[in-house]
Amino acid sequence: MSANYFSLDIGGTNAKWALVSPDMVILEQGSIPNTFTAADELCKALSGLVAPYAGQVAAVGVSVPGTVFEDDPQGMVYGGGRLRWLDGVALGAELSFATSLPVTVENNGKACALGEYAAGVLRGTALGVVLVIGAGVGGGIISHGHLMRGAHNFAGEFSFLRTTPFEGRLRLEDAMAGTCGWEALKRDILNAKGMLDIGDVDGFDLFDWVNRGDPDALRGLHEYSKQLCLWILNLQCILDPEIIAIGGGISAQPALLEAVVTTMRSMVADLPHKEIPRPKIVACEHAGVGSLIGVAYEAQRRATNMQV
């Protein structure tokens, strides 16, 4: 039997899948709409996706929003973000029963960091950070080849960093999620253009303006970049990583990385504290599919440990 791995990344809109080789190369990939409202629906869908590869797959890796503890044989999901039906579901056990294969479940941001370490921009680094920009800011921290999870598996939940006391409900405008997530970039560019009604404006519109050199859109992108760079400087002081990689679909836009790197260069040049290292900021190599590689890598690691 070939030791390929089948990966599934459950997002808010779509569930992406891939067949991944033992050396973490995506052999085939696709997506299906995420219309799931319960675990049994997901189990049925995953069984159907894996079936054509019977005999080729050694294990399954699943990337989800929410918290999953390391090496939990049940793959219990806590939280689940906007996918409320995931909360409290022993997803690993249920999917394993449905597919008759070992199943590893991992948080999607952490899976992206693992994917970049296994086959991306964090290869060979002693300490690297991935910031996945979506509705909020997820990600993960890789230290000497291992995912830094923290005492409560909460390390890398950057969305919750904030500038105000932890009282009452989290106001997004006071947290990294609200100042650096996708909606923040959209808001900053539209505000700069004087557009109060955001309507159906999407990412293609925003970066079409930026790439055409629209001065208002560029000013909005610069405002967004300043906020993101402030948070990155804080992370540099706390963790001092070799690399900070920007992930999520937004990282595929060269104009974003250029704006962030340029802004950071200016910020560091003006710092009175010269001992603070200048962060090395890069785009993730596997924008959009890093989590698929990461959960395959984690499934392979767990299978190897079980054989020892």
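Placed above this text is the structure.
Caption draft 1: Spatial organisation of the packing of helix H1 (residues 39–50) against helix H2 (residues 91–99). Interhelical geometry of H1 versus H2 gives an angle of 40° and a closest axis separation of 9 Å. In terms of orientation, H1 and H2 fall into the oblique class. You can see that H1 and H2 cross each other, and the crossing is right-handed. Contact residues: Ala-39, Leu-42, Cys-43, Leu-46 and Ser-47 in H1; Leu-91, Glu-94, Leu-95, Ala-98 and Thr-99 in H2.

Caption draft 2: Representation of the side chain of Asn-4 in the model. Within the secondary structure, Asn-4 is located in strand E1 (residues 4–10). If sequence neighbours within four positions are ignored, Asn-4 has contacts with Leu-19, Val-20, Ser-21, Pro-22, Leu-27, Gln-56, Val-57, Ala-58 and Ala-59.

Caption draft 3: How the structure looks around helix H7 (residues 215–239). Between its first and last C-alpha, H7 extends 35 Å over 25 residues, near the 36 Å set by a 1.5 Å rise per residue. The opening residue of H7 is Asp-214, an N-cap whose side-chain oxygen sits 2.9 Å from the backbone nitrogen of Asp-216.

Caption draft 4: Up close: the packing of aromatic side chains. Under the defined criterion, the tally for this structure stands at seven aromatic pairs. A ring pair is formed by Trp-17 and Tyr-53, whose centres lie 6.2 Å apart and whose planes are at 50°; its orientation type is tilted. One end of the pair, Trp-17, is in strand E2 (residues 14–20); the other, Tyr-53, is in the loop between H1 and strand E4 (57–64), with 36 residues separating them in the sequence. Each member of the pair, Trp-17 as well as Tyr-53, is classed as buried. Ring geometry for Phe-36 against Trp-85: centres 6.5 Å apart, planes inclined by 75°, an arrangement best described as edge-to-face. With a gap of 49 residues between them, Phe-36 in the loop between strand E3 (26–33) and H1 and Trp-85 in the loop between E4 and H2 connect regions that are remote in the sequence. Accessibility classification places Phe-36 together with Trp-85 in one group, the buried group. Taken together, the ring pairs connect Phe-6, Trp-17 and Tyr-53 into an aromatic cluster.

Rules and cut-offs
Residues numbered from 1 in each chain as written. Predicted model: local features only at pLDDT ≥ 70, side-chain atom pairs only at ≥ 80, totals over all residues. Heavy atoms only, no water. Axes fitted to C-alpha atoms, helices over the stretch in contact; angles between N-to-C directions. Helix = DSSP H or I, 4+ residues; strand = E, 2+ residues; numbered from the N terminus. Parallel < 35°, antiparallel > 145°, perpendicular 65-115°, else oblique. Left-handed = near helix turned anticlockwise from the far one by under 90°. Contact = heavy atoms within 4.5 Å. Expected span 1.5 Å × (residues − 1). Polar contact = N/O pair within 3.5 Å; in protein donor to acceptor, adjacent residues only side chain to side chain. Phe/Tyr/Trp six-rings, centres within 6.5 Å; stacked < 30°, edge-to-face > 60°. Buried < 20%, exposed > 50% of the residue type's maximum accessible area, 1.4 Å probe, protein only.

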